[in-house]
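Here is what each chain is made of, one letter per residue.
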Amino acid sequence: MSRLQSFRPARWALAFSVLLPAAVHAASTPATGAQRPGTTMQRPSTTISNATRSAGGGGSGSGQGGNRQYTNSTMVGEAIITSDLQTRRLIVVTDDETNENIRNIIQTLDKPKPQVLINVVFVQVTHDKGVDLGSEAIFNGTIAIKNEPRGLATTKFGLADALNDPTQFGAFYRILSQDVNATLRALASVSKTEILSRPSVLTRNNQQATIMVGQSVPIITNSRVSDQTNTTINTVQYQDIGIILRVTPFITQEGLVEMIVSPEISSLSATTVPISNTVSSPVIDKRSADTVVVTPSDKTIVIGGLISTQTTDRDSKVPLLGDIPILGYAFKRKQKADVKTELLIFLTPHVIRSPDEMNAVTVQERGKLDLSPKAFEQHELERMIGKP
């Protein structure tokens, strides 16, 4: 006895691609005949005739495909399987036993794929301590020798230039007279920079995801002068600057998460490099990693780190005179810098297998907001992103 059954899987394309080729529109096969008295019914090999038609811009018209022979060693029976593209249903005509097997196959395959929420944390601390102390002078006057000729004596350590530079700071003192011009500078600086960035992205298993929070900055890569108009022509290339996260997760059979991950945080620095006589391009500070890691779900791991110490100690002085104790500071400049940097990149994957887990993760991520609840009223947040 044949049975007509209609299935409507949530994602029938996945189940359908297993039962029939993806381009199949309809498949028909005679149902298994009734068993004759006194004989044992032999289940022959199943023959499926494919009728194909074009789909979605791939062409027009229809054609008759060839027959495929399937050995009936593991099948229960035969079935007629047809797809309805309008209602997204599979229509199966078969006996009860085969119908139950097909139902189990579709229910097994027609499940949502698990998703992965990846949290990446950049933690960077930079401590800079420096000292700049020195003096320089210019003497322009007569020398007490025969005929009393005028002479010029000077020390140059860049202090007068620093005084005229609006980006330079410190304590300056200048002595001005007809014959003497002296500049003294004293500066002790301590700076501390903290960078804490936490990009997150949700993606399906075995699918690449990218999140970028920043700017596309035009960078001049080439500069030339036109022969016809005698004007400068610059070649500009846009580059993404900011927080960039690229990740592709794979969930293994053991429940581990394998990830191809490339986190990056970049910014424009104050340093520039000359491209031509009139054009300079900024230097980009970048902190990034490119790696493949395997970790259990909800476990935090370190995927990159940097601990560096840079010490600079420079003395510019007049020989012999700069070595005199105390008095020698009138003939030298002492510069000292001590920079320490610590950078760590943390990564935490969260496997989400059901809608209930998705709701729990959403509430947890929303609870980490700090500025939004202070800037917006509760009803405004609920109207924009819903209730927790």
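Counting restarts for each chain, with residues numbered from 1 along the sequence as it is written. Totals for whole chains, interfaces and linings use all residues, but because this is a predicted model, local features are given only for residues with pLDDT of at least 70 and pairs of side-chain atoms are given and counted only at 80 or more. With hydrogens and water stripped out, all remaining heavy atoms of the structure feed into the side-chain values.

A.B. asks: Could you clarify how one ought to interpret the overall build of the chain in this entry?
C.D. replies: Along its length, the chain carries 6 helices and 18 strands. In this analysis, two residues are considered to be in contact whenever any of their non-hydrogen atoms come within 4.5 Å of each other. Residue pairs in contact within the chain that sit at least 24 positions apart in sequence constitute 64% of those at least 6 positions apart. Surface exposure here means Shrake-Rupley accessible area, sampled with a 1.4 Å probe, where a residue is shielded only by the protein chains that are shown. Carbon and sulfur atoms provide 53% of the accessible area of the chain, an area that totals close to 25,300 Å². In DSSP terms, a helix is any run of H or I states spanning at least four residues, a strand is any run of E spanning at least two, and both are numbered starting from the N terminus.

A.B. asks: Teacher, can you tell me more about unusual backbone geometry here?
C.D. replies: It is generally the case that most residues other than glycine have a negative phi and that most peptide bonds are trans. One non-glycine residue, Asn206, lies in the positive phi region at around 70°. Structurally, the position occupied by Asn206 is in the loop between strand S11 (200-204) and strand S12 (209-225). Phi angles above zero are rare outside glycine, and Leu320 is one such case at about 70°. Along the polypeptide, Leu320 turns up in the loop between strand S17 (301-317) and strand S18 (332-352).

A.B. asks: Please clarify how the nonpolar core should be interpreted in this entry.
C.D. replies: We define the nonpolar core as a collection of buried residues of types Ala, Val, Leu, Ile, Met, Phe, Trp, Tyr and Cys that are connected through side-chain atoms lying within 4.5 Å of one another. Each residue gets one of three labels from its accessible area relative to the maximum for its type: buried under 20%, exposed over 50%, partly exposed in between, using a 1.4 Å probe on protein chains only. Membership of the largest hydrophobic core comes to 19 residues, with the highest contact counts inside it found for Ile118, Val120, Met259 and Leu347. Secondary structure elements with two or more residues in this core: strand S7 (115-142), strand S13 (232-251), strand S14 (256-274) and S18. Discounting chain neighbours no more than four positions away, the residues touching Met259 are Ile118, Val247, Thr248, Pro249, Thr291, Val292, Val293, Thr295, Leu347 and Pro349. Core analysis: the next-biggest nonpolar cluster, separate from the first, contains 6 residues, Ala79, Ile81, Val92 and Ile106 among them.

A.B. asks: Please explain a nonpolar patch on the surface as it appears in this structure.
C.D. replies: Together, Leu369, Phe376, Met384 and Ile385 make up a nonpolar patch on the protein surface, roughly 380 Å² of accessible area in all. Looking at where Met384 falls in the secondary structure, it is placed in helix H6 (residues 378-385). With relative accessibility at 51%, the residue Met384 sits in the exposed group. Two distance rules govern patches: like charges are joined within 9 Å, and nonpolar side chains (Val, Leu, Ile, Met, Phe, Trp, Tyr) within 5 Å, applied only to residues with over 30% relative accessible area and no salt bridge. By salt bridge we mean one thing: a side-chain nitrogen of Lys or Arg within 4 Å of a carboxyl oxygen of Asp or Glu.

A.B. asks: What exactly am I supposed to notice about the environment of Lys192 here?
C.D. replies: Following the sequence through the fold, Lys192 ends up in strand S10 (residues 180-197). On the accessibility criterion, Lys192 (55% relative accessible area) is exposed. The spacing of Lys192 and Thr126 is 66 residues in sequence and 5.6 Å in space, taken between C-alpha atoms. Among all residues touching Lys192, those that are not within four sequence positions of it are Val125 and Thr126.

A.B. asks: Explain the pairing of S13 to me, please; I cannot follow it from the model alone.
C.D. replies: The side chains of a regular strand alternate, first on one face of the sheet and then on the other. One requirement defines pairing of two strands: DSSP has to find at least two bridges between them. Where S12 lies against S13, 16 bridges are found, and the strand directions are antiparallel. Paired with Ile211 across the strands is Leu245, a residue of S13. In the sheet, S13 pairs with S14 via 9 bridges, with the strands oriented antiparallel. Note that in S14 the partner of Val247 across the bridge is Val261. Linkage of S13 to S14, two consecutive antiparallel strands, is achieved through a turn of 4 residues, within which Gly255 is found at a positive phi near 90°.

A.B. asks: How should the environment of Lys299 be read in this particular structure?
C.D. replies: Among the secondary structure elements, Lys299 is positioned in the loop between strand S16 (291-296) and S17. Considered as a pair, Lys299 and His350 are 51 residues apart in the sequence and their alpha carbons are 8.1 Å apart. With sequence-adjacent residues up to four places away left out, Lys299 is seen in contact with Leu347, Thr348 and Pro349.

A.B. asks: Help me understand the pattern of salt bridges, please; the structure alone is not making it clear to me.
C.D. replies: Side-chain pairs of opposite charge can arise where the charged atoms are in close proximity. Enumeration according to the criterion identifies 8 salt bridges in this entry. Taking the shortest distance from any N to any O, the salt bridge between Glu194 and Lys192 comes out at 3.5 Å. Of the two residues examined, Glu194 and Lys192, each falls in the exposed class. A salt bridge links Lys317 to Asp323; the shortest N-O distance between them is 2.5 Å.

A.B. asks: What is the right way to read helix H4 (residues 355-366) from this model?
C.D. replies: The periodicity of an α-helix, 3.6 residues per turn, causes residues three or four places apart in sequence to face the same way. Between its first and last C-alpha atoms H4 spans 16 Å; for 12 residues at 1.5 Å apiece the expected length is 16 Å, and the two agree. Along H4, the residues classified as buried are Met358, Val361, Glu365 and Arg366. The buried residues of H4 occupy an angular sector of 130° when the element is viewed end-on, so they sit on one face. Where H4 is buried, its residues contact S7, S11, S18 and H6. By definition here, a helix of n residues has an expected span of 1.5 Å times n minus one. Taken from the helix axis, the directions to the C-beta atoms give the arc we talk about.

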